[in-house]
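Descriptive structure summary
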Amino acid sequence: MTYHADDQRYERQPYNRSGRSGLKLPAVSLGLWHNFGDNRPIENSRAILRRAFDLGVTHFDLANNYGVPYGSAERNFGRILREDFAGYRDELIISTKAGFDMWPGPYGEWGSRKYVLASLDQSLQRMGLDYVDIFYSHRPDPGTPLEETMGALDRAVRSGKALYAGISNYSAEQTTQAARIMRELGTPLLIHQPSYSMINRWIEDGLLDVLEESGMGCIVFSPLAQGLLTDRYLDGVPADSRAATSRFLSEDRIDRDLARSLNEIAKGRGQTLAQMALSWTLRDPRVTSVLIGASSVRQLEDNVACVDGPAFTEDELQAIDKITSAAG
């Protein structure tokens, strides 16, 4: 059936400016790290992407090695883009990244100009695009001068293959250096993509200040701590859960007492635990957008509804801090 986007899609969530740029991003963006590779039914991926756009999610975030096997998330996304979203390309923000391992040999990962620009060309080919909106250095490379990696991002933008440049997983100090280099090159960094959640607060120790000073936006990933901050594990580990099936989360990392305590606060706010965790990451105006993953339309809808939650009271924030601090 031919897809026609919901006419009310831009009334569903707020759009925030990324730093001092002219680009606005939806408060909730969709990440395609999991659930969009060849190991998942394409029709399920299609249904999630369609529903996301209908809910005002205009930003789809990928990387070269997303999906099983590597590259399959981009390839499957490209197929759905052609078949469902071709007429909406100018309403979409599509991002991808290069930095982690992608192909064998010395030129298949990290931050050399050789790898970064070759990876971008491959990503564009897989998705069937002439350009991406945001292209990231996925991680800093300790063996490559930062000037070389940033120079590759600058080249990607100047070539027209990317509209904006970003970085991910860079420390506050590395971000300061990267921002300076890019300003000198004439291609300011648009955004930083760090991990952040109620139980992973490292960006509060300097990085958010650097981003504000540099005029960069912030889009956070793993806001639900791979599912720890959901009701998924309140009563055990389901056989089909990430803790049971994925190398990214092990059962010994699950703190049910913490999750249950936080869930009580969420209930008092009229939210699910996941909704509250997402709302919490967006409470700081320096956070432009939060990246969610979704394995089903129902999960997507539940998460996107976080934008409808009430503002946090000071008592709620203090209670959350007490619970998470006690858990370490």
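The structure reproduced in this document is the subject of the present report. No experiment lies behind these values; they were computed from the predicted model shown. (Residues numbered from 1 in each chain as written. Predicted model: local features only at pLDDT ≥ 70, side-chain atom pairs only at ≥ 80, totals over all residues. Heavy atoms only, no water.)

The subject of this paragraph is the overall build of the protein chain. From N to C terminus, the protein chain includes 11 helices and 10 strands. Over its C-alpha atoms the protein chain spans a radius of gyration of 19 Å, differing by no more than 12% from the 20 Å that the globule rule assigns to 328 residues. Structurally, the protein chain occupies a C-alpha span of about 50 × 50 × 40 Å along its principal axes. A burial count over the protein chain gives 55% of its 328 residues as buried. When contacts within the protein chain are restricted to residue pairs at least 6 apart in sequence, long-range pairs at least 24 apart make up 74% of them. As displayed, the protein chain offers around 14400 Å² of accessible surface, 47% of which is attributable to carbon and sulfur atoms. (Helix = DSSP H or I, 4+ residues; strand = E, 2+ residues; numbered from the N terminus. Rg over C-alpha atoms; globule rule 2.2 N^0.38 Å. Buried < 20%, exposed > 50% of the residue type's maximum accessible area, 1.4 Å probe, protein only. Contact = heavy atoms within 4.5 Å. Areas by Shrake-Rupley, 256 points an atom, 1.4 Å probe, with all protein chains shown as cover.)

Before going further, it helps to spend a moment on the packing of helix α4 (residues 146-158) against helix α5 (residues 172-185). Direction vectors running N to C along α4 and α5 enclose 45°, while the axes themselves pass 10 Å from each other. Taken as axis vectors, α4 and α5 run oblique relative to one another. Crossing of α4 against α5: the hand is right-handed. Touching Leu146, Glu147, Met150, Gly151, Leu153, Asp154 and Arg158 of α4 are Gln174, Gln177, Ala178, Ile181, Met182 and Leu185, all from α5. Tallied by class, the residues present in the contact of α4 with α5 amount to 7 nonpolar, 3 polar and 3 charged. (Axes fitted to C-alpha atoms, helices over the stretch in contact; angles between N-to-C directions. Parallel < 35°, antiparallel > 145°, perpendicular 65-115°, else oblique. Left-handed = near helix turned anticlockwise from the far one by under 90°. Nonpolar A, V, L, I, M, F, W, Y, C, P; charged D, E, K, R; others polar.)

A full pass over the atoms with the stated rule returns 23 salt bridges. Lys267 is the partner of Glu264 in a salt bridge, and the nearest nitrogen-oxygen pair spans 3.5 Å. Taken together, the positions of Glu264 and Lys267, both in helix α8 (residues 256-269) and 3 residues apart, correspond to about one turn of that helix. Considered together, Glu264 and Lys267 belong to a single accessibility category, that of exposed residues. Overlapping salt bridges, with partners in common, bring together Glu43, Arg46, Arg50, Arg79, Glu83 and Asp84 in one network. (Salt bridge = Lys/Arg side-chain N within 4 Å of Asp/Glu carboxyl O.)

The next thing to look at is the pairing of strand β7 (residues 162-168). Counting buried residues in β7 gives 5 out of 7 residues, a clear majority hidden from the surface. As judged from the 5 bridges shared by strand β6 (residues 132-137) and β7, these two strands associate in the parallel manner. Among the inter-strand pairings, Val132 is bridged to a residue of β7, identified as Ala162. With α4 bridging β6 and its parallel neighbour β7, the resulting β-α-β unit is right-handed. Note: β7 against strand β8 (residues 191-193), 3 bridges, orientation parallel. Within the sheet, the bridge partner assigned to Ser168 lies in β8 and is Gln193. Once you follow β7 into α5 and on to β8, the crossover reads as right-handed. (Pairing = 2+ DSSP bridges. Right-handed = clockwise from strand over helix to strand, strands pointing away.)

For helix α2 (residues 72-84), with 13 residues, the first-to-last C-alpha span of 18 Å sits near the 18 Å given by 1.5 Å per residue. In this structure, the buried residues of α2 make contact with α1 (42-54), β4 (59-61), β5 (93-98) and α3 (113-127). (Expected span 1.5 Å × (residues − 1).)

On to the pairing of β6. The element β6 is largely enclosed, with a buried count of 6 among its 6 residues. Looking at chain direction, β5 and β6 are connected through 4 bridges and run parallel. From the neighbouring strand, Ser95 faces β6, where its bridge partner is Ile134. Once the chain exits β5 it traverses α3 before rejoining the sheet at β6, and the crossover so formed is right-handed.

Let's shift gears to the sheet that holds β5. In spatial order, the strands read β3-β4-β5-β6-β7-β8-β9-β10; together these 8 strands close into a barrel with parallel pairing. The sheet shows a mean angle of 30° between the axes of neighbouring strands, taken without regard to direction. Sheet topology places strand β3 (residues 28-31) next to β4; 2 bridges connect them, and they run parallel. Bridge pairing in β4 links Gly31 to Asp61. In the packing of α4 onto the sheet, the strands contacted are β6 and β7, and the crossing angle to β7 comes to about 155°.

Under the counting rule described, the total for this entry stands at 10 aromatic pairs. Between Tyr196 and Trp280 the ring centres are 5.3 Å apart and the planes differ by 35°, which places this aromatic pair in the tilted class. With a gap of 84 residues between them, Tyr196 in the loop between β8 and α6 (207-214) and Trp280 in helix α9 (residues 273-281) connect regions that are remote in the sequence. Here a set of aromatic residues connected by ring pairs shows up, and it is made of Tyr3, Phe53, Phe60, Phe77, Phe85 and Tyr88. (Phe/Tyr/Trp six-rings, centres within 6.5 Å; stacked < 30°, edge-to-face > 60°.)

Two elements in contact, α3 and α4, have axes separated by 9 Å at closest approach and are oriented at 30°. As the angle between them shows, α3 and α4 are arranged roughly parallel. Judged by the twist between their axes, the crossing of α3 over α4 is right-handed. Residue-level contacts link Arg113, Val116, Leu117 and Leu120 of α3 to Glu148, Gly151, Ala152, Arg155 and Ala156 of α4. When grouped by side-chain class, the residues that make up the contact of α3 with α4 number 5 nonpolar, 1 polar and 3 charged.

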